[in-house]
Amino acid sequence: MSTPQLPPAHPFDDDKLREECGIFGVVGITDAANFVALGLHALQHRGQEAGGIVSHDRDQGFNSARRFGYVRDNFTSQSLMETLPGPLAIGHVRYSTTGSKGNTAIRDVQPFFGEFSLGGAAVAHNGNITNANALRRELIERGSIFQSSSDSECIINLMARSMARSIPDRMEEALRKVEGAFSVVAMTRTKLIGVRDPLGVRPLVLGQLGDGWILSSETCALDIIGADFVREIDPGEMVVISEKNGVESHFPFRQRKPRFCIFEHVYFSRPDSILGGRSVYETRRQIGVELAREAPVEADLVCPVPDSGTPAAIGYAHESGIPYGMGIIRNQYMGRTFIEPTEQIRNMGVRLKLNVNRALIKGKRVILVDDSVVRGTTSRKIKEMILDAGASEVHFRIASPPTAWPCFYGVYTPQREKLLAATMSEEEMRDHLQVDSLRFISLNGLYRAVGEAGGRNDLHPQYCDACFSGEYPVRPADMLEQGFEMKAAE
């Protein structure tokens, strides 16, 4: 049997931080799986490697489908969707953060399903369990059998070993043993369950469509099915939703001060989503405003690196008074064309996806606004393209602080030594990229942009910003066991 082909990676995908999962669940709507497929399509930016859906029908029981590739290429087939009947379904799109990165087996694709004495249950997880290795060892020693390399499977195995009298209670007991970040959607034969970890690191929202209820990673996925946004699931909250009883909520974990991931605002979430009552687009535009105040420079044109740099570039241009222009054009259709790129095509690299608008750039002093610098490989290539097109100067303005630390809470990050900011100062990075100037927004500036007028509270930070600060709100036990060295206390 031939190996299924994954969607080809962008030529510089390893130069971006990647959110690893999107989750979506529906209860109380006929043919729920069709709505889940639409929701996952809207969450595709959160994971493009593989996707899965589990549904339940009173007559046919549980059914599941897991596939490599994009939602549009799999879960739009009528013949496939007919195998997923019922008014209750959950789904998941993924990149891999744990397990075999870039070499995923179909058994690693969520949702995971388990048959218990109380009936079946399926679980989909966004985040990362930081004590998964220790849990896995303990479970295997006690006789548990694992099918995948995913940390998320620990949840199903912990539920199986629980003696609690209902599946929601078993899930609650299981999640009390889990450390790290988790937003979870799960389902039984009659119930849709949603849980966020006590810090609320990853997002989860509640929506309503007629008599039906929806759980989703982001509000933009509610829009696609015409559902109303009701509210966010609170950090540490568990909701159990059924057609009979509606939404039942409780807080099973010890309360802690929330630490939502600040990079969701910068890059991961879609700009048309709402996070913490704030428009993601407006926050990103405000980051550009802060950048223009913190790092002004004389120039002729403000140009975004599409698409993630666009709102910040608009904000920078408005605040600085320097004209905004689309100096780089993105090829929307790149990706499906070159399933197995030849060496010659691979060497074209960024040009497959981005092209410079030469007529606009020539002779200009250009400010390029991008969301982040990870390894720096893409930034150098883009700078070269801009200079080749005749720009007289190139200035980089970055809409996040320097990314100097890896994330252990559900984001695929290169090893620390491969992060440019882990080994270089801002000046050294400027010389490495060979640009006229390079400036990042400050951590306080980023906090102001997300609505914290007084900036970052260093004693009790309002967000998880470990990738910038090296201050991890949950001890990354598995990584420490493997030799990771945390930032020394100041």
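Everything below is about the structure printed above this text.
Visitor: Please give an account of the overall build of the chain that cites residues and values.
Guide: Summing up its helical and strand segments, the chain has 18 helices and 25 strands in all. Projected onto its principal axes, the C-alpha positions of the chain cover 70 × 50 × 45 Å. Here the chain holds 490 residues, and the buried ones make up 58% of them. Pairs at least 24 residues apart make up 68% of the contacts formed inside the chain by residues separated by at least 6 positions. Carbon together with sulfur atoms contributes 47% to the accessible area of the chain, which is approximately 20400 Å² in total. Between the centroid of the 55 positive side chains of the chain and the centroid of its 61 negative side chains there is a distance of 2 Å.

Visitor: Break down the packing of aromatic side chains for me, citing the residues and quoting the values.
Guide: On inspection of all chains with the given rule, the structure shows 12 aromatic pairs. With a centroid separation of 5.7 Å and 75° between ring planes, the pair formed by Tyr 447 and Tyr 463 is classed as edge-to-face. Of the two residues, Tyr 447 is situated in helix α16 (residues 443–449) and Tyr 463 in strand β25 (residues 463–464); the sequence distance between them amounts to 16 residues. The same class applies to Tyr 447 and to Tyr 463, which are both buried. Three or more aromatic residues joined by ring pairs make a cluster, and in this case those are Trp 405, Phe 408, Tyr 409, Tyr 472 and Phe 484. Here Arg 416 stacks its cationic end above the ring of Trp 405, 3.6 Å away from the centre of that ring.

Visitor: I'd love a proper account of unusual backbone geometry, names of residues and values included.
Guide: In this structure, Pro 111 follows Gln 110 across a cis peptide bond, with omega equal to 0°. For Pro 111, the location among the structural elements is in the loop between β5 (88–94) and β6 (112–116). Here Pro 306 and Asp 307 are connected by a cis peptide whose omega angle stands at -5°. Along the chain, Asp 307 turns up in the loop between β18 (301–304) and α10 (310–320). Even without glycine at this site, Gln 434 takes up a positive phi of about 55°. Mapped onto the secondary structure, Gln 434 falls in the loop between α15 (426–433) and β24 (437–440).

Visitor: Kindly report on the sheet that holds β6, identifying the contributing residues and their values.
Guide: The strand order across the open sheet formed by 6 strands is β6-β7-β8-β9-β13-β14, and the pairing between neighbours is antiparallel. What marks the edges here is a single partner per strand, and that holds for β6 and β14 (246–250). Across the sheet, the mean angle from the axis of one strand to that of its neighbour is 20°, orientation sign disregarded. In the sheet, strand β7 (residues 119–129) pairs with strand β8 (residues 180–187) via 8 bridges, with the strands oriented antiparallel. Counterpart to Asn 128 in the pairing with β8 is Ala 181. Where helix α6 (residues 167–176) meets the sheet, its contacts fall on β6, β7, β8, β9 (191–196), β13 (238–242) and β14, and the angle it forms with β9 comes to roughly 20°.

Visitor: Describe the packing of helix α9 (residues 280–294) against α10, and please don't skip the residues or the numbers.
Guide: Axis separation between α9 and α10 bottoms out at 6 Å; the angle between their running directions is 45°. Judged on the interaxial angle alone, α10 and α9 are oblique. Two packed elements cross with a definite hand, and for α9 against α10 that hand is right-handed. The segment α9 lies against α10, with Tyr 281, Arg 284, Arg 285, Gly 288, Val 289, Leu 291, Ala 292 and Arg 293 engaging Pro 311, Ala 312, Ile 314, Gly 315, Tyr 316, His 318, Glu 319 and Ser 320. Among the residues forming the contact of α9 with α10, the class breakdown is 8 nonpolar, 4 polar and 4 charged.

Visitor: Outline the side chain of His 92, supporting the account with residue identities and numerical values.
Guide: Looking at where His 92 falls in the secondary structure, it is placed in strand β5. From its side chain, His 92 meets the backbone oxygen of His 125 in a polar contact 3.0 Å long. Ignoring anything within four residues of it in the chain, the contact list for His 92 reads Cys 21, Gly 22, Ile 23, Leu 40, Ala 50, Gly 51, Gly 52, Gln 110, Pro 111, Ala 124 and His 125.

Visitor: Could you give an account of the nonpolar core, naming the residues involved and the relevant values?
Guide: Among the nonpolar cores identified, the biggest contains 72 residues, and Leu 368 and Ile 386 are the most heavily contacted of them. When sequence neighbours within four positions are dropped, the list of residues in contact with Leu 368 reads Cys 303, Val 305, Ile 328, Ile 382, Ile 386, Val 394, His 395, Phe 396 and Arg 397. Of all hydrophobic cores here, the second largest spans 27 residues; its members include Ala 132, Ala 174, Phe 182 and Met 238.

Visitor: Describe helix α4 (residues 132–141), and please don't skip the residues or the numbers.
Guide: Among all positions of α4, only Ala 132, Leu 135 and Leu 139 are buried. Here the buried residues of α4 occupy an arc of 65° about the axis, which is enough to place them on one side. Tucked into the core, α4 has its buried residues touching β7, α5 (153–161) and α18 (477–481). Immediately beyond the C-terminal end of α4, within one or two residues, lies Gly 143, with a positive phi of roughly 105°.

Visitor: So, the packing of α5 against α6: which residues are in play, and what are the values?
Guide: At a minimum axis separation of 8 Å, α5 and α6 run at an interaxial angle of 120°. By the criterion of interaxial angle, the relationship of α5 to α6 is oblique. α6 is crossed by α5, and the crossing has right-handed handedness. The segment α5 lies against α6, with Ile 155, Leu 158, Met 159 and Ala 160 engaging Ile 167, Arg 170, Met 171, Ala 174 and Leu 175. Class assignment for the residues of the contact of α5 with α6 results in 8 nonpolar, no polar and 1 charged.

Visitor: Which residues make up the sheet that holds strand β3 (residues 50–57), and what values do they have?
Guide: Here 7 strands make up an open sheet; going across it, the order is β4-β3-β5-β2-β11-β10-β12 and the pairing antiparallel. Only two strands of the sheet have a single neighbouring strand rather than two, namely β4 (61–68) and β12 (228–232). On average, each strand axis in the sheet is tilted by 15° relative to the strand beside it, whichever way the strands run. With 7 bridges joining them, β3 and β5 adopt antiparallel strand pairing. For Gly 52, the partnering residue across the bridge sits in β5 and is His 92. This element, helix α1 (residues 32–42), spans β2 (21–27), β3, β5 and β10 (205–209) of the sheet and lies at about 25° to β5.

Here is what the cut-offs are and how they apply
Residues numbered from 1 in each chain as written. Predicted model: local features only at pLDDT ≥ 70, side-chain atom pairs only at ≥ 80, totals over all residues. Heavy atoms only, no water. Helix = DSSP H or I, 4+ residues; strand = E, 2+ residues; numbered from the N terminus. Buried < 20%, exposed > 50% of the residue type's maximum accessible area, 1.4 Å probe, protein only. Contact = heavy atoms within 4.5 Å. Areas by Shrake-Rupley, 256 points an atom, 1.4 Å probe, with all protein chains shown as cover. Lys, Arg positive; Asp, Glu negative; His and termini not counted. Charge placed at Lys NZ, Arg CZ, Asp CG, Glu CD. Phe/Tyr/Trp six-rings, centres within 6.5 Å; stacked < 30°, edge-to-face > 60°. Lys NZ or Arg CZ within 6 Å of the ring centre and 35° of its normal. Pairing = 2+ DSSP bridges. Axes fitted to C-alpha atoms, helices over the stretch in contact; angles between N-to-C directions. Parallel < 35°, antiparallel > 145°, perpendicular 65-115°, else oblique. Left-handed = near helix turned anticlockwise from the far one by under 90°. Nonpolar A, V, L, I, M, F, W, Y, C, P; charged D, E, K, R; others polar. Polar contact = N/O pair within 3.5 Å; in protein donor to acceptor, adjacent residues only side chain to side chain. Core = buried A, V, L, I, M, F, W, Y, C linked by side-chain atoms within 4.5 Å. Arc of directions from axis to C-beta.

Any functional reading would require information that these geometric values do not contain.
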